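Listed here are the chains, written in short residue letters.
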Amino acid sequence: MTQIEVQGMEKRAYRRYPASRKAYLVVGGEPLRCRLIDIAKGGARIAAPEFAVPPEILHLVDPARRMIHLTRMVWQGDGQMGLQFIESRAFTEPLGGAEGAGRVVEMVGPWPKETRGN
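What counts, and where the lines are drawn
Residues numbered from 1 in each chain as written. Predicted model: local features only at pLDDT ≥ 70, side-chain atom pairs only at ≥ 80, totals over all residues. Heavy atoms only, no water. Pairing = 2+ DSSP bridges. Helix = DSSP H or I, 4+ residues; strand = E, 2+ residues; numbered from the N terminus. Axes fitted to C-alpha atoms, helices over the stretch in contact; angles between N-to-C directions. Core = buried A, V, L, I, M, F, W, Y, C linked by side-chain atoms within 4.5 Å. Buried < 20%, exposed > 50% of the residue type's maximum accessible area, 1.4 Å probe, protein only. Contact = heavy atoms within 4.5 Å. Phe/Tyr/Trp six-rings, centres within 6.5 Å; stacked < 30°, edge-to-face > 60°. Lys NZ or Arg CZ within 6 Å of the ring centre and 35° of its normal. Salt bridge = Lys/Arg side-chain N within 4 Å of Asp/Glu carboxyl O.

1. Regarding the sheet that holds strand β6 (residues 58–62)
Here's step 1: If you walk around this closed barrel you meet the six strands as β3-β4-β5-β8-β7-β6, and the pairing is antiparallel. Mean inter-strand twist for the sheet, computed between neighbouring axes without regard to direction, equals 45 degrees.
Here's step 2: As defined by bridge partners, strand β7 (residues 67–77) adjoins strand β8 (residues 80–90) across 10 bridges and the pair is classed as antiparallel. Bridge assignment links Trp75 to a residue of β8, and that residue is Gly82.

Okay, here's the thing in structure tokens:
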């Protein structure tokens, strides 16, 4: 993602849109509740617990838009993290809350092998 700062104004590759809705972060098959703060075509900012050792790959499940994003964490701090989208897919299966998020990620797969956190 390209970022340019001009006269104190941040210019990003994609416009960010406020979201403020629940989402799920799936790390190694384990779902965690998080809050989507804003979203753009190329990524998202979420409120989520910080990782001592950041995982290489995470899945962001957005129930409101019925989308799963294969992501890479690009930054974290102050209870927030920035995610870069690698691949996005729609899902139609019922989610069923946090426990269903991991199941839906597997159902919508397979995901590219070179990006799996195995």
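Continuing now.
2. So, the nonpolar core
The tendency in soluble globular proteins is for nonpolar side chains to be buried as a group.
Here's step 1: Judged by nonpolar contacts, the single largest core of 17 residues is most densely connected at Leu25, Leu36, Ile46, Leu60, Met81 and Leu83.
Here's step 2: Of all the secondary-structure elements, those providing two or more residues to this core are β3 (17–27), β4 (30–40), β5 (43–47), β6 and β8.
Here's step 3: If one sorts the elements of this core by residue count, β3 sits on top with four residues.
Here's step 4: The contact partners of Leu36, leaving out residues within four places of it in the chain, are Ala19, Ser20, Arg21, Ala23, Ala44, Arg45, Ile46, Leu60 and Asp62.
Here's step 5: In terms of nonpolar packing, the next biggest core, distinct from the first, is built from 13 residues, Tyr24, Leu70, Leu95 and Val108 among them.

3. With respect to the packing of aromatic side chains
Here's step 1: Counted according to the given criterion, the structure contains zero aromatic pairs.
Here's step 2: The side chain of Arg89 reaches across the aromatic face of Trp111, ending 4.2 Å from its centre.

4. Focus: the pairing of β7
Here's step 1: Pairing geometry for β6 and β7, over five bridges, is antiparallel. Among the inter-strand pairings, Asp62 is bridged to a residue of β7, identified as Met67.
Here's step 2: If you look at the hairpin formed by β6 and β7, you'll find four residues sitting between the two strands, and Arg66 has a positive phi there, around 55 degrees.
Here's step 3: The hairpin turn running from β7 into β8, its antiparallel successor, is two residues long, and Asp78 in that turn takes a positive phi close to 55 degrees.

5. Here's the deal with the pattern of salt bridges
Here's step 1: Tallying each qualifying case throughout the model produces four salt bridges.
Here's step 2: Put simply, Arg89 and Glu87 hold a salt bridge, and the shortest N to O gap is 2.7 Å.
Here's step 3: Accessibility expressed as a relative area gives 24% for Glu87, which makes it partly exposed.
Here's step 4: If you follow the salt bridges from partner to partner, you end up with Arg16, Asp38 and Arg45 in one network.

Shape descriptors only; they carry no functional weight alone.
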